[in-house]
Every structure is written in C-alpha cells, then in structure tokens.
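Analysis of the macromolecular model
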Amino acid sequence: MKSTVLSGIRATGKLHLGNYLGAVKGMLELQDKDDFQTYYMVADLHTVTTPYEKTTLRGSIRNIIIDYLSAGLDPQKSTLFIQSMVHEHIELSYYFSTVTTVAKMQHVTTFKDKVKQHPEHVTMALLNYPVLMSADILLYKASLVPVGIDQEPHLEIAREVARRMNQEYGTSFPEPRRFATKGEYVPSLSGEGKMSKSVEGSYINLTDSHEEITKKIRSIPTATVAGGELTGGLRSLFSFAELFLPDQVENYRNAFQKGTLKFVELKDAVADAIYHDLESIQEKHRAVEQNISFVDDVIADGAQRARLIASKTLQEVKEKMGMPL
Ligand code: TYM
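Just so it is clear, the structure is predicted and the values come from calculations on it, not from any experiment.

With that settled, the discussion passes to the overall build of the chain. Along the chain, the regular secondary structure elements total 14 helices and five strands. Computed over the C-alpha atoms, the radius of gyration of the chain is 21 Å, within 12% of the 20 Å expected from 2.2 N^0.38 for a compact globule of 325 residues. With the principal axes as the frame, the chain shows a C-alpha extent of 75 × 45 × 40 Å. When contacts within the chain are restricted to residue pairs at least 6 apart in sequence, those whose partners lie at least 24 apart make up 76%. Across the chain, 37 positive and 41 negative side-chain charges occur, with their mean positions spaced 3 Å apart.

Written as structure tokens, this is what we have:
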C-alpha cells in the first residue's frame, strides 16, 4: 500500500522562495518516490478567508498550477488540482466542524495573527480555516504533508480532528505528520520574521531576474562589526548561505569571525546561487504559460482524479455518521 501525501498553496500572488523551499521542494521529493501517492492542490477556498482581489483571483489560481508545473511537479506522477473544484472539501469540513469547538479554534496562533492583521475581517471562514485544511488532508487519508514549519499548528488540529472522528464515529483517518525540508523556515530579507507574501520587501519571487535578486540580497541589513552573535539581517544572510551554498558557508562564517568577510562578496555569491536554482524554473514557466490548453487539461484531469477518492471518503463518513446516503 502506497502512503498518501497532500499539500496546497493559497493563490495570494506569485510564489516566493519560502513557498519553494518550505513546501514545493518537499512536494517534488515525495512525488519522485515510488511509495507515495501525491495530491497537490491550489487552496483557493483558503485564499478567500482574508481580503482578496476578485478580478484577479481566477488568474492567480491558474498561476499556481503553472508554477507547480514549472517547478517540476508532473501531472503523470501527481494529481494537481484546484480545491474548490472538488466540492467534497467543503462538505467534509462541515462534518469535521461538528467535532471541533469554537474555543479551540479561537486559540490557534495563526488565527490570532490574522485577527491582528485584519481586525475588520474576522469571519466564520477564517475561524474554520484549520478545519477546512484538516478536510483537505483527510479526504485523501494523507499521512504526510509537505509544508513549512508555520503550518504545524494546523497539522496539530488535523491530528485532533482525525482522533475525534475515529473515536466518535469509528472512521479510520490517519494522524498526518509534516514532511519537513531543509528550508522549513525561510527568513525575511529584512532580518525580522519569516519571508512572507504579506510583508513587502521580505521576499524573493521565483520569477525575479538575476538583477532583482542581487539587488534584494544586497539590501539585507548587515552589521559591519566583526565576530559575536549573528543578529537580524546577518542571520538571514547566513541562512540563505546555508541553503544555497552549503559547501562554502563554513568558510564564510570563519571569515566573519576573523573580521575579514566582505559582505558584498557573500551577498553576490548567495544571489548567484539563488538565481542558478531558479533559472530553469523560469525557463519552464515561459514555456508552460504559452501552452494554455495543456494547463486546462491538467486542471480538468486533476479535478476528476481527486473527486474519485474524495467522493469515496465522504460517503464513508456520511455512512458512519448516520446521514442518509
Ligand atoms: P501558504 O499559501 O501560506 O504557504 C504555502 C506553503 O509555503 C510555506 N511557506 C514557507 N516555508 C518556509 N519558509 C517561509 N518563509 C514560508 N512561507 C510560506 C508554507 O508553510 C506552506 O507550506 N494553509 C496553507 C495552505 C493549505 C494546505 C492545505 C497545505 C490549505 N490546505 C492542506 C497543506 C495541506 C497555507 O496557507 O499555505
């Protein structure tokens, strides 16, 4: 029996380096192993839990599929689909909400962060965010979820929902675990917090040119004193060095301790290495963008394949809960 993997990304804009290293790299790694069945979706229902631009949403959703294909996700190996096209996600999340308390949801750290970010927009959909995410995962009985470390609170809820459903109704949901990559936490370019789409100046997009990447990496604030603790921007710069120049990072660290490190040299080496990694993705992106009918086929086929599994699980749950079938 193959283990099942599921992951998703919201359609909130272009993918950045954090999404790539924390999620997409893990998705690729698991897709290429024979013993996993992989499902990767665009989390468009999660996208509308915070304010968004309705005139560009449909295009942004497609773009995530194009980004997936450009990064190397392969529709022959993975089911690539759009969450809202498989209505079972919403239906299962409703049944899951019957075993989830409001108090529990109000304590989820990501919910509290979003309340601070959008105090005018504290909706039922936002409160239900982790329950819908649990449904995404458990609809396919996925046991492994490649996501960044920031998603851990949601996985904790998914495990709890699985346990409660199993206890209460005798279902057989697995307790899903996170599949972590080396880039599970990609820091912001500013040196404060994580790289995030919602913080301007914090991120590098996968489509950024060599010049843009160099400019952004050069702008990381770095102290000019030698030695001592790595703080803020320096910590970010060395994290990038660890991720993109693993063989050279020790030398740079020693040079920093000795006071001989030229920051601009390290920054340019990091920028070159990042661009080197992204170059082939960008090339493929240009090709995929031109092939609209292929993208349409992937989307239609993915939804069909996902529905096949999703409808089966939903039927099982309804049956166990005593609902009419
Ligand atoms: P989203 O759209 O916020 O982020 C997509 C993925 O990118 C990862 N990520 C990062 N990883 C490392 N460092 C960073 N700075 C960084 N920023 C973002 C996130 O951890 C995530 O893996 N709730 C999810 C979408 C979702 C989902 C799911 C994921 C909906 N249903 C089911 C897995 C399974 C989210 O908001 O991702």
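Don't stop here, the text continues.
What follows concerns the pattern of salt bridges. Under the counting rule described, the total for this entry stands at 19 salt bridges. Between Glu29 and Lys33 there is a salt bridge whose closest N-O contact spans 3.8 Å. A salt bridge links Asp268 to Arg218, with the nearest nitrogen and oxygen atoms 2.7 Å apart. Placement of Asp268 in helix α13 (residues 263–290) and of Arg218 in helix α10 (residues 210–218) is noted, with a sequence separation of 50 residues between them. Looking at Asp268, the relative accessible area reads 21%, which means it is partly exposed. Within the structure, one salt-bridge network assembled from shared partners comprises Glu152, Glu156, Arg159, Arg178 and Glu184.

Near the ligand, the surroundings consist of 28 residues, among which Tyr129, Asp136, Gly148, Asp150 and Val186 are the closest. The contact in question runs from an oxygen atom of the ligand to an N or O atom on the side chain of Arg10, over 2.8 Å. At 2.8 Å from a nitrogen atom of the ligand is found a main-chain nitrogen or oxygen belonging to Val186. Relative to its free-state accessible area of 720 Å², the ligand is covered by the protein chains to the extent of 98%. At the level of elements, β1 (3–9), α1 (17–31) and α8 (129–138) are the ones that each hand at least two residues to the shell around the ligand. Tallied by class, residues from the shell around the ligand come to 13 nonpolar, 10 polar and five charged.

Here we come to the nonpolar core. Leu17, Ile217, Phe240, Leu266, Val270 and Ile274 are the most contacted members of the largest nonpolar core, which has 64 residues in total. Of the domains in this structure, domain 1 (3–184 + 291–321) and domain 2 (210–287) are the two that each give at least three residues to this core. When residues no more than four places from it in sequence are discounted, the contact partners of Ile274 are Leu17, Ile204, Ile213, Ile217 and Phe244. Core analysis: the next-biggest nonpolar cluster, separate from the first, contains 38 residues, Met41, Phe81, Tyr129 and Val161 among them.

To continue, consider the domain arrangement of the chain. The domain boundaries assigned to the chain delineate domain 1 (3–184 + 291–321) and domain 2 (210–287). Between the C-alpha centres of domain 1 and domain 2 the distance comes to 32 Å. Facing the 13 residues of domain 1 at the interface are 12 residues of domain 2. Note on domain 1 versus domain 2: buried area summed over both sides is about 930 Å², and carbon and sulfur give 65% of it. Counting across the domain 1 and domain 2 interface gives one salt bridge. Residues Lys25 and Asp277 are paired through a salt bridge, measuring 3.6 Å at the closest nitrogen-oxygen approach. The tally of links between domain 1 and domain 2 comes to two residue pairs in polar contact (both at pLDDT 80 or more). Of all the elements in the fold, those that place two or more residues in the side of domain 1 that touches domain 2 are α1 and α3 (54–71). The element contributing the most residues to the side of domain 1 that touches domain 2 is α3, with five residues. When the residues that make up the side of domain 1 that touches domain 2 are grouped by side-chain class, the tally is six nonpolar, four polar and three charged.

Look at α10 against α13: their axes get within 9 Å of each other, and the N-to-C directions meet at 140°. Handedness of the α10/α13 crossing: right-handed. Contacts from His210, Ile213, Thr214, Ile217 and Arg218 of α10 reach α13 at Val264, Lys267, Asp268, Val270, Ala271, Asp272, Ile274, Tyr275 and Leu278. Broken down by class, the residue content of the contact of α10 with α13 amounts to eight nonpolar, two polar and four charged.

About the thresholds
Per-chain numbering applies: the sequence of each chain, read as written, is numbered from 1 onward. The model is predicted, so local features are restricted to residues of pLDDT at least 70 and side-chain atom pairs to those at 80 or more, both for listing and for counting; the totals for chains, interfaces and linings are taken over all residues. The side-chain quantities take in all heavy atoms of the structure and omit both hydrogens and water. Secondary structure counts use DSSP, requiring at least four H or I residues in a row for a helix and at least two E residues in a row for a strand, with both numbered from the N terminus. What the globule rule says is 2.2 Å times the number of residues to the power 0.38, and the radius of gyration is computed from C-alpha atoms. Two residues qualify as a contact provided that any one of their heavy atoms is within 4.5 Å of a heavy atom in the partner residue. Asp and Glu are treated as the negative residues and Lys and Arg as the positive ones, with His and the ends of the chain left uncounted. Each charge is placed at NZ for Lys, CZ for Arg, CG for Asp and CD for Glu. By definition, a salt bridge exists where a carboxyl oxygen of Asp or Glu is found within 4 Å of a side-chain nitrogen of Lys or Arg. The classification of residues rests on relative accessible area computed with a 1.4 Å probe and restricted to protein chains. Under 20% of the type maximum is buried, over 50% is exposed, and intermediate values are partly exposed. Near, as used in this document, describes a residue that has one of its heavy atoms within 4 Å of the molecule or strand being considered. Think of a polar contact as two N or O atoms within 3.5 Å of one another; within protein, one of them needs to be a possible hydrogen donor and the other a possible acceptor, and neighboring residues in sequence only count if both atoms come from side chains. Here the accessible surface of atoms and residues is derived via Shrake-Rupley with a 1.4 Å probe, and residues count as covered only by protein chains that are part of the display. Three classes are used: nonpolar for Ala, Val, Leu, Ile, Met, Phe, Trp, Tyr, Cys and Pro, charged for Asp, Glu, Lys and Arg, and polar for all others, with Gly counted as polar. We call a set of buried residues a nonpolar core when its members are Ala, Val, Leu, Ile, Met, Phe, Trp, Tyr or Cys and they connect through side-chain atoms within 4.5 Å of each other. In this document the domain limits rely on a domain assignment from an automatic tool or a database. In this description, buried area is defined as the sum, over both parts, of the accessible area (probe of 1.4 Å) that is lost when the two are combined. Helix axes are fitted to C-alpha atoms over the stretch in contact, other axes to C-alpha atoms as well, and angles between N-to-C directions run from 0 to 180 degrees. Each helix crossing is assigned a hand: it is left-handed if the near helix lies turned anticlockwise from the far helix by less than a right angle, otherwise right-handed if that turn is clockwise.

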